[in-house]
Amino acid sequence: MIIHLTEGSTEEQQKAVLKRIGDDGFSHEIIHGTTGIDVIGVLGDLSGVEISRYSELDGVAKVVRISKPYKLVSREYAAGAEQQFKATKTIEVGDVTIGGDELTIMAGPCAVESEEQVMAVAEYVSEMGIPIMRGGAYKPRTSPYSFQGMGLEALQLLAKARDKYGLKLIIEASGLHRHMRADDSLEKNNVLENVISYADIIQVGARNMKSYGFLQELGLLTKNTKTPILLKRGDSSPLQDFLLAAEYIVRSGNPNVMLCLRGIQTFEEDKFQRSTPDIGAIAVLKRESNLPVIFDPSHSTGYRENVRSVSLAAVAAGADGLLIETHNNPANALCDGEQSIMKDELASIKSAADKIRKLVR
Ligand code: PEP
Ligand code: MN
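Residues numbered from 1 in each chain as written. Chains lettered and ligands numbered in written order. Predicted model: local features only at pLDDT ≥ 70, side-chain atom pairs only at ≥ 80, totals over all residues. Heavy atoms only, no water.

**Focus on the sheet that holds strand S8 (residues 132–134)**
Line of reasoning, step 1. Spatially, the eight strands close up into a barrel ordered S7-S8-S9-S10-S11-S12-S13-S14, and their pairing is parallel. Between one strand axis and the next, the sheet turns through 25 degrees on average, direction left out of account.
Line of reasoning, step 2. In this fold helix H4 (residues 115–127) packs onto strand S7 (104–108) and S8, with an angle of close to 150 degrees to the strand it touches most, S8. (Pairing = 2+ DSSP bridges. Helix = DSSP H or I, 4+ residues; strand = E, 2+ residues; numbered from the N terminus. Axes fitted to C-alpha atoms, helices over the stretch in contact; angles between N-to-C directions. Contact = heavy atoms within 4.5 Å.)

What follows is the structure, encoded as structure tokens:
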């Protein structure tokens, strides 16, 4: 539920509204309007509550119930209903703004494989003016015999690249607490805490979209830092479930969530595309939610030949950013080489995508 205060509402009137919210057993969030507090979000199970309990209070202009099952991430909520088609929340990662006028590209290898690879990719990514680098340290793989990531060593290499090239890092946290190295030994530190301490943006992968306990834990662990979280859509998850998964994180204390589409499973065959790019979902998420929308043209296609056209289509459809896999030597990549593009292709996509963003804003 959203409470709109009148333009000249006094501090006393505002306090009385907040007191009633508290007395009724609900929590609140102040949604800053243009002039101080003018919109308050009320959180909790409001199904039995009469709107008049709040609309009758002095200083209240109107009360709007959010009809959607997802509340905090809904378009209505952020915008205070009025300007609902304008309100995408912007997320700041240092000096980078996600969800604003500029398109945000995040690029890097699927997994960190060596110092030489990380540094080579970081160099060309930063040269192109791409501010955020991706790189997996702990890879959730379908087979326990596939490469599981370099773990802590990967985090240290990424941090080295960040320091040298001034990049921000997006790193996946898988909910894993213990990492088994290739020689079956266990990494000492807690994996989740490691990732949180190194990442500028924490990625939650498609496989974990439904790990609700993990989503809550992540929200709680980042409640103070508000480190941005990029949540990927499960490859067989309806959009409503996706939005509710984002709601779990926001509800647990971290509002800085962005939604990432990465393709869904259909009857499509692997030989043409690994998943079906869910471009149409961009429009739906923009209409339904207030969170920035990122598109992953790498996992949604599976082949580097398809990455350019799908990237540009996603930006034309309104995506606020792209998460792209790139590698300095994709033929020898340990993970997702077939869908990784090389330097020149990345530069060419960036230049076209930036132009499209300007056209559609
Ligand atoms: C990845 O980004 O490398 C990854 C594993 O993606 P997804 O969770 O979308 O499969
Ligand atoms: Mn990958």
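What follows continues from the structure just given.
**Some points on the coordination of the manganese ion (ligand 2)**
Line of reasoning, step 1. The manganese ion (ligand 2) binds to the protein through Cys110 (SG), His299 (NE2), Glu325 (OE) and Asp336 (OD); the donor distances cover 2.0 to 2.4 Å.
Line of reasoning, step 2. One chain supplies every donor to the manganese ion (ligand 2), and in sequence these donors are spaced C-x188-H-x25-E-x10-D. Of this pair, Glu325 sits in strand S14 (residues 321–325) while Asp336 sits in the loop between S14 and helix H11 (343–360); the two residues are eleven residues apart in sequence, bridging distant segments of the chain.
Line of reasoning, step 3. Since its relative accessible area comes to 19%, Asp336 is described here as buried. (Donors = N, O, S within 2.8 Å, 3.2 Å for Na, K, Ca; no water. Buried < 20%, exposed > 50% of the residue type's maximum accessible area, 1.4 Å probe, protein only.)

**With respect to the pairing of S7**
On a regular strand, one side chain projects to one face of the sheet and the next to the other, so that they alternate.
Line of reasoning, step 1. Counting buried positions along S7 gives five out of five residues, so the element sits mostly inside the fold.
Line of reasoning, step 2. Both S7 and S14 contribute to a ladder of five bridges, which runs parallel. Bridging from a neighbouring strand, Thr104 pairs with Gly321 of S14.
Line of reasoning, step 3. Strand direction decides the pairing type here: S7 and S8, joined by two bridges, are parallel. Each residue of the ladder has a partner; that of Ala107, found in S8, is Met133.

**Considerations on unusual backbone geometry**
Line of reasoning, step 1. A positive phi angle is found at Asp184, which is not glycine, with a value near 75 degrees.
Line of reasoning, step 2. Tracing the backbone shows Asp184 in the loop between strand S9 (168–172) and helix H6 (191–198).
Line of reasoning, step 3. Notably, Asp336 is not glycine yet its phi reads approximately 55 degrees, a positive angle.

**Considering the nonpolar core**
Line of reasoning, step 1. Ile171, Leu231, Leu261, Phe295, Leu322, Ile324 and Leu346 are the most contacted members of the largest nonpolar core, which has 79 residues in total.
Line of reasoning, step 2. A per-element tally of this core places helix H8 (residues 239–251) first, with seven residues.
Line of reasoning, step 3. Excluding anything up to four places from it in sequence, Leu322 contacts Leu103, Thr104, Ile105, Met106, Ile294, Phe295, Ser311, Ala314, Val315, Ile349 and Ala353.
Line of reasoning, step 4. Listed in part, the 14 residues of the second largest apolar core include Met1, Leu5, Leu46 and Val60. (Core = buried A, V, L, I, M, F, W, Y, C linked by side-chain atoms within 4.5 Å.)

**Re H8**
Line of reasoning, step 1. For H8, spanning 13 residues, the distance from its first C-alpha to its last is 18 Å, which sits close to the expected 18 Å at 1.5 Å a residue.
Line of reasoning, step 2. Where H8 terminates, the next one or two residues include Gly253, which has phi positive at roughly 125 degrees. (Expected span 1.5 Å × (residues − 1).)

**Regarding the site of ligand 1**
Line of reasoning, step 1. Contacts to ligand 1 come from Cys110, Arg134, Lys139, Glu172, Gln203, Gly205, Ala206, Arg207, Lys232, Arg262, His299 and Glu325.
Line of reasoning, step 2. Lys139 is positioned such that a nitrogen or oxygen atom in its side chain is 2.9 Å from an oxygen atom of ligand 1.
Line of reasoning, step 3. Residue Gln203 places a side-chain N or O atom 2.9 Å away from an oxygen atom belonging to ligand 1.
Line of reasoning, step 4. When the free accessible area of ligand 1 is taken as 290 Å², the share hidden by the protein chains comes to 97%.
Line of reasoning, step 5. Partitioning the shell around ligand 1 into residue classes produces two nonpolar, three polar and seven charged. (Near = heavy atom within 4 Å. Polar contact = N/O pair within 3.5 Å; in protein donor to acceptor, adjacent residues only side chain to side chain. Areas by Shrake-Rupley, 256 points an atom, 1.4 Å probe, with all protein chains shown as cover. Nonpolar A, V, L, I, M, F, W, Y, C, P; charged D, E, K, R; others polar.)

**Some points on the pattern of salt bridges**
Line of reasoning, step 1. Under the criterion given, the structure shown has 16 salt bridges.
Line of reasoning, step 2. Lys19 is paired through a salt bridge with Asp23; the nearest N and O atoms lie 2.8 Å apart. Of this pair, Lys19 and Asp23 both sit in helix H1 (residues 11–23), four residues apart, which is roughly one turn of that helix. You'll find Lys19 and Asp23 in the same group, each marked exposed.
Line of reasoning, step 3. A salt bridge links Lys350 to Asp354; the shortest N-O distance between them is 2.6 Å. A residue pair is termed a helical-turn pair when its members lie 3 or 4 positions apart in one helix, as Lys350 and Asp354 do in helix H11 at four residues.
Line of reasoning, step 4. Where salt bridges share partners, they join Lys286, Asp320 and Arg357 into one cluster. (Salt bridge = Lys/Arg side-chain N within 4 Å of Asp/Glu carboxyl O.)

**Details of the confidence of the model for the protein chain**
Line of reasoning, step 1. Within the protein chain, residue pLDDT values average 93, and 96% of them lie at 70 or more.
Line of reasoning, step 2. Within the model, the stretch residues 81–85 combines pLDDT values under 50 with eleven contacts to residues more than four positions away or in other chains. (pLDDT = per-residue confidence, 0-100.)

**Some details on the environment of Phe26**
Line of reasoning, step 1. Examined against the element boundaries, Phe26 turns out to sit in the loop between H1 and strand S2 (27–32).
Line of reasoning, step 2. Residue Phe26 is classed as buried on the basis of its relative accessible area of 14%.
Line of reasoning, step 3. Residues Phe26 and Pro69 lie 43 residues apart in sequence; the distance between their C-alpha atoms is 17 Å.

**As for the pairing of S14**
Line of reasoning, step 1. With five of five residues buried, S14 lies mostly within the body of the structure.
Line of reasoning, step 2. Burial of S14 is two-sided: the residues Gly321, Leu323 and Glu325 facing one way and the residues Leu322 and Ile324 facing the other way are all buried.
Line of reasoning, step 3. When strand S13 (residues 293–295) meets S14, the two strands line up parallel, connected through two bridges. Bridging from a neighbouring strand, Ile294 pairs with Gly321 of S14.
Line of reasoning, step 4. In this fold, the crossover linking S13 to S14 by way of helix H10 (residues 304–316) has right-handed handedness. (Right-handed = clockwise from strand over helix to strand, strands pointing away.)

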